[in-house]
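Architecture and fold: a report
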Amino acid sequence: MSKNGNDRETLSMWATDILLEADAIAPCPDHGYLRLHHSHHAVDYALSIAEHRRFSGKNKKQRTKAVERVLDGLADTCPACD
């Protein structure tokens, strides 16, 4: 994998940690898949954290975009529960 790919994966993991911290997402208790909580307050809080918490070499816009990308890849249901 290219250096750029590794950077994106690491930034995605950082964004996921922020979303978990803000309680905007949570793992399915039965299967572990991450799911949305659909809490606008939690998402706003996560974006605020991303704006203020530094990540090596990334500006505020890049950090908030990373959080939004993770959110876009999730649903409110667990694929294994369906």
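This one's a predicted model, so the numbers in the text were calculated from it and none came from an experiment.

Definitions and limits used
- Residues numbered from 1 in each chain as written.
- Predicted model: local features only at pLDDT ≥ 70, side-chain atom pairs only at ≥ 80, totals over all residues.
- Heavy atoms only, no water.
- Phe/Tyr/Trp six-rings, centres within 6.5 Å; stacked < 30°, edge-to-face > 60°.
- Helix = DSSP H or I, 4+ residues; strand = E, 2+ residues; numbered from the N terminus.
- Buried < 20%, exposed > 50% of the residue type's maximum accessible area, 1.4 Å probe, protein only.
- Expected span 1.5 Å × (residues − 1).
- Arc of directions from axis to C-beta.
- Polar contact = N/O pair within 3.5 Å; in protein donor to acceptor, adjacent residues only side chain to side chain.
- Core = buried A, V, L, I, M, F, W, Y, C linked by side-chain atoms within 4.5 Å.
- Contact = heavy atoms within 4.5 Å.
- Axes fitted to C-alpha atoms, helices over the stretch in contact; angles between N-to-C directions.
- Left-handed = near helix turned anticlockwise from the far one by under 90°.
- Nonpolar A, V, L, I, M, F, W, Y, C, P; charged D, E, K, R; others polar.
- Lys, Arg positive; Asp, Glu negative; His and termini not counted.
- Salt bridge = Lys/Arg side-chain N within 4 Å of Asp/Glu carboxyl O.

**What about the packing of aromatic side chains?**
One pair of aromatic rings is described through two measures. These are the centre distance and the angle between the planes. Per the counting criterion, the structure on display carries one aromatic pair. Between the aromatic rings of Trp14 and Phe55, the centroid separation amounts to 5.4 Å while the plane-to-plane angle is 55°, which identifies the pairing as tilted. Placement of the pair is Trp14 in helix 1 (residues 3-21) and Phe55 in the loop between helix 2 (40-52) and helix 3 (60-72), with a sequence separation of 41 residues. Per residue, the accessibility class of Trp14 equals that of Phe55, and both read buried.

**Topic: helix 3**
The end-to-end C-alpha distance of helix 3 is 18 Å, a good match for the 18 Å that 13 residues give at a rise of 1.5 Å each. Turning to helix 3, its buried residues are Arg63, Thr64, Ala66, Val67, Val70 and Leu71. Buried residues of helix 3 fall within an arc of 150° about the axis and therefore sit on the same side. Exposed residues on helix 3 whose side chains face more than 90 degrees from its buried face are Lys61 and Asp72. For helix 3, the N-terminal cap is Asn59; the gap from its side-chain oxygen to the backbone nitrogen of Lys61 is 3.0 Å.

**Some details on the nonpolar core**
Most often, soluble globular proteins have nonpolar side chains that are buried together. Membership of the largest hydrophobic core comes to 19 residues, with the highest contact counts inside it found for Trp14, Ala15, Ile18, Leu19, Ala46, Val67 and Leu71. Put simply, the parts of the chain that give this core at least two residues each are helix 1, helix 2 and helix 3. Discounting chain neighbours no more than four positions away, the residues touching Val67 are Ala15, Leu19, Ala46, Leu47 and Ala50.

**Considerations on the packing of helix 2 against helix 3**
One can describe the packing of helix 2 onto helix 3 by two numbers: an axis separation of 8 Å at closest approach and a directional angle of 145°. Between helix 2 and helix 3 the crossing geometry is right-handed. Residue-level contacts link Val43, Ala46, Leu47, Ala50, Glu51 and His52 of helix 2 to Lys60, Arg63, Thr64, Val67, Glu68 and Leu71 of helix 3. Grouping the amino acids of the contact of helix 2 with helix 3 by side-chain chemistry returns six nonpolar, two polar and four charged.

**A short note on the side chain of Arg63**
Residue placement: Arg63 occurs in helix 3. Despite its burial, Arg63 remains without a salt bridge, the nearest opposite charge being carried by Glu51 at 7.6 Å. With sequence-adjacent residues up to four places away left out, Arg63 is seen in contact with Trp14, Ala50, Glu51, His52, Arg53, Arg54, Phe55 and Lys58.

None of this, on its own, says anything about what the molecule does.
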